[in-house]
Every structure is written in structure tokens, then in C-alpha cells.
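Summary of the model geometry
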Amino acid sequence: MTHFSAMSLLKNAFTGNKNWSAQWPDAQPKTEYDVIIVGAGGHGLGAAYYLAKEHGITNVAVIEKGWLGGGNTGRNTTIIRSNYLYDESAGLYDHALDLWENLSTELNYNVMFSKRGVMMLAHNIHDVQSFQRHIHANRLNGVDNCWLTPAEAKEFCPPLNIASDARYPVMGAALQKRAGTARHDAVAWGYARAAAARGVDIIQNCPVLSIKRGPDGAVEGVETGKGFIRAKKIAVSAAGHTSVIMQSADLKMPLESYPLQALVSEPVKPVFPCVVMSNTVHAYISQSDKGELVIGSGTDQYISYSQRGGLPLIEHTVAAICEVFPIFNRMRMLRKWGGIVDVTPDRSAILGKTPVKGLYVNCGWGTGGFKATPGAAHTLAWTVAKDEPHVINAPFTLERFTTGRLIDEAAAAAVAH
């Protein structure tokens, strides 16, 4: 009997073409590419796919220090929505949501997008006024959002406690019905397979040690764990590690890194129909297709690269969930984790060109990275291919921190900022 390793079976089943070979640990990458993308998460792999599909640039390498989708793409809580306050954010996230709706068909890979709705709870007068402002702003931008009374909120989500004597009384809710969830790692695998099929090389287990610049200041390539790889264009899309990589190119980024904690319960039968978020109690919850309750918290209150975070914050989150949804008081939690999110001074992403010729950056998403995946990838590919921003990502320039044209979405994450 012939024995095949699990790795070789996966490799053959996954693509069936030679371009995928560069991802495997024993493979040597080419010494020169047209474009190098640092970071094989959803954003980086998606950008490589769109470069190949829409711009005909296939001599692309996506370089990852670990395994594809093993960073924040595999650690998020799967929420997708576009109900952001400012025009610039609404445009970017709604563009992403448009792409999410047909992404499974586009990639011929089931990313399990579920348009189940995202509901944001109002517990006080400030919440009511803030969310109603969001609703009006969203409607002006063509983004769906509507106001629910407490009774309507409970009808949409039966486990919700709307008792008048509740510790966190529900005074109403904002609902984006078009929003929902998707399978986090499926997005990375879908983009990876589609990009590889178009000739993109995906190089795993290959840390990028530094970005090299030539005498004229332009990028020349990257020094990696497998040697120097030359490229005239480099895009950095490495959540939690952007500052370190960009520093090697003598470029300081306005970022701070925080742990963002989450946890999942034991699996139960379907009981929770949507996503519910609460800014006041800093918690959000949904139910995965496997039956687990997925519970998220706010960012920790200190800068750290810890991928587990501190206990006090997650304990507060669980206590709050039990107050708002008493039905879950006796649920058992299976595991918790932390992802590292980069946060900018205005809590909005940086997506576009840098002062260094040939160097592009995609970072600072905070808690918004997963929901932005296809939109960020699509506009990053445009910017790299044409060396100019797409109209959608043009406001998210690095220069806004010197000009003062900020996009202050501090409250739009609903939980983390």
C-alpha cells in the first residue's frame, strides 16, 4: 500500500497546479516578483487575487511568517456590517458588503456568508441619540439601518431580556438587516485557492525580516528567512506587525497594538438568530453554524502583543452577556483567545501609498478588519496596480494625520473603542 502524508494530499487536492508549490515549507521562492504582499491573511490574499483577476498582474508573491489565515483572520468573531457613521467609512464598508454577498460564487468556495442581521442595543438616552444619528447618516449614504422598539428587538431576537427592571434596560436598537457573519478562515482559503489558480505564489513559514530600499529611496525587495526577494512594489498587510515591518523601511506608523479578546461556548442547537452588540456593556454575541456562542469583548486597556489578554475584561463581558441574555447563565465556555489589533489615533484604517516609492500599506483596522476584507483587498489591489488610490480608499491616506482630515470612528465599532 502506498502511503501519502496529509500535507501532500491537501496540497494535491487544494489546487492541482504548480503555482501553489511555493507555499510549502521545502519550496524555494523565486528571487524576483513584480509585487510582494507581506501577510497571508484575508486582506493580503484577497489583494493578490484581485491583482491577478482584475489587473492582470500574476507575478505576485504573498509571504507569510506562519501559515495562511493563521493571524487575525483566524481569530476574529466573524461579524460583517457597514453601518458606520462617516461618509468615508460607510463607502468602504458598504463596498466590502457588496463584495461579501457574492464572494462564495466569485471564488467558487463557500465562505458561509449569512445575512442574519446585526442589532446594536441602546441602554440609555445617549445610546438612543447616538444610534438614531447613525441611522440617519446611513440612510443618507444608502446604507440600510432601522430603529427598533424594545418589543421589536425582542421579536427579532427572542433570547433578549427587555424587562424594565433589568440591570441594562433595553431602550431600543439599531438593526442592519443586510449585515451578518461569515466563516473567518474560509475567506483566507477561498482567496488563496483562487489566487494560486491564477499564478500567484503563496510562501508560508517565511518571515519577512526587513524591507530593503535602494539609493534612490525606492523599495528594492524584502529580506526573508529564505533569502532576499526582489520586487519594485511591496504591500504590507500584516495585522499586529505592521509597525515593526515598516520601521525597517524607516517609516514610522501612527499605530498602537492592543489585545482584543473573545471566547466561545459549548455547542448547542440553534437558539440565537442574529448578531447583537452592546456598546454600554462592551460585549457582542452570535451563534456559529457549529452551534457555539461566539462572544466578543472590547480591546484591553493597555498596549500589548499578548494573544490571550487579561481576565478582568473578559469576566466583565461574560457577566454582561448573562445580564442581557439570562437564558445563557448556565452555558459552559470552551475556550478564549486574543487577537492583536492595530489602532490609529482616529480609529480608522490606513490604506494606500506611503512616502516611500513602491511601498503600500494596509493597517490600523482595529476591530473592523474582517468585515472590510474584500473591500480592503479590492481597493489595495487597485492602488498597487495603478500607483494611485481608488476613490473609495483615497480618504484613508497616511497623510491625514499631518493634514488633520481625520475619520474619527471612535464609537462606530460599537464595543471596542
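First, a word on scope: everything that follows refers to the structure included in this document.

Brief notes about the packing of helix 2 (residues 42-55) against helix 10 (residues 373-386)
Between helix 2 and helix 10, the least distance of the axes is 7 Å, while the angle of their chain directions is 55°. Between helix 2 and helix 10, the angle is such that the two are oblique. In the packing of helix 2 onto helix 10, the handedness of the crossing is right-handed. Contacts between helix 2 and helix 10 involve G42, H43, G46, A47, Y50, L51, E54 and H55 from the first element and T373, P374, A376, A377, H378, L380, A381, W382, V384, A385 and K386 from the second. Taken together, the residues of the contact of helix 2 with helix 10 break down into eleven nonpolar, six polar and two charged.

Description of unusual backbone geometry
Non-glycine residue M112 carries a positive phi angle of around 60°. Note on placement: M112 falls in the loop between helix 4 (103-107) and strand 4 (118-122). Unlike most non-glycine residues, D250 shows phi in positive territory, near 60°. On the secondary structure map, D250 appears in the loop between helix 8 (242-247) and strand 12 (256-265). Classification of D250 by relative accessible area gives exposed; the value is 67%.

Here we look at the pattern of salt bridges
Throughout the structure, instances matching the rule amount to eleven salt bridges. We note a salt bridge from E323 to R167, for which the minimum N-O separation is 3.7 Å. Here the residue E323 occupies a position in helix 9 (residues 311-324), and R167 occupies one in the loop between helix 6 (150-156) and strand 6 (172-176), the gap between them amounting to 156 residues. When its relative accessible area of 30% is taken as the criterion, E323 is described as partly exposed. The partner of R400 in a salt bridge is D346, with the nearest N and O atoms 2.8 Å apart. Taken together, the residues span a long stretch of sequence, with R400 in helix 11 (residues 400-403) and D346 in the loop between strand 16 (333-343) and strand 17 (350-353) at a distance of 54 residues. Residues R400 and D346 agree in their burial class; the two are buried. Salt bridges sharing partners connect three or more residues here, namely D94, D98, E101, K115 and R178.

Thoughts on helix 2
Spanning 14 residues, helix 2 covers 19 Å between terminal C-alpha atoms, matching the ideal 20 Å at 1.5 Å per step. Extensive coverage of helix 2 is indicated by the burial of eleven of its 14 residues. Backbone geometry just downstream of helix 2 places G56 in the positive-phi region, at approximately 70°.

A look at the nonpolar core
Within the largest apolar cluster, 50 residues are counted, with the highest numbers of intra-cluster contacts made by I37, L45 and W100. Counting only elements with at least two residues in this core, the list comes to strand 1 (32-38), helix 2, strand 2 (60-63), helix 3 (87-101), helix 4, helix 7 (184-197) and helix 10. In this structure L45 touches G39, A40, V62, L68, A188, Y191, A192, A195 and I202, once residues within four positions along its chain are discounted. Membership of the second largest hydrophobic core comes to 28 residues, among which are I63, A231, V356 and L398.

Focus on the packing of helix 3 against helix 10
Here helix 3 crosses helix 10 at 105°, and the two axes come no closer than 7 Å. Classified by the angle their axes make, helix 3 and helix 10 are roughly perpendicular. Judged by residue contacts, L92, H95, A96, L99 and W100 of helix 3 engage T373, P374, G375, H378 and T379 from helix 10. Looking at side-chain class alone, the contact of helix 3 with helix 10 contains five nonpolar, five polar and no charged residues.

What counts, and where the lines are drawn
Residues numbered from 1 in each chain as written. Predicted model: local features only at pLDDT ≥ 70, side-chain atom pairs only at ≥ 80, totals over all residues. Heavy atoms only, no water. Axes fitted to C-alpha atoms, helices over the stretch in contact; angles between N-to-C directions. Helix = DSSP H or I, 4+ residues; strand = E, 2+ residues; numbered from the N terminus. Parallel < 35°, antiparallel > 145°, perpendicular 65-115°, else oblique. Left-handed = near helix turned anticlockwise from the far one by under 90°. Contact = heavy atoms within 4.5 Å. Nonpolar A, V, L, I, M, F, W, Y, C, P; charged D, E, K, R; others polar. Buried < 20%, exposed > 50% of the residue type's maximum accessible area, 1.4 Å probe, protein only. Salt bridge = Lys/Arg side-chain N within 4 Å of Asp/Glu carboxyl O. Expected span 1.5 Å × (residues − 1). Core = buried A, V, L, I, M, F, W, Y, C linked by side-chain atoms within 4.5 Å.

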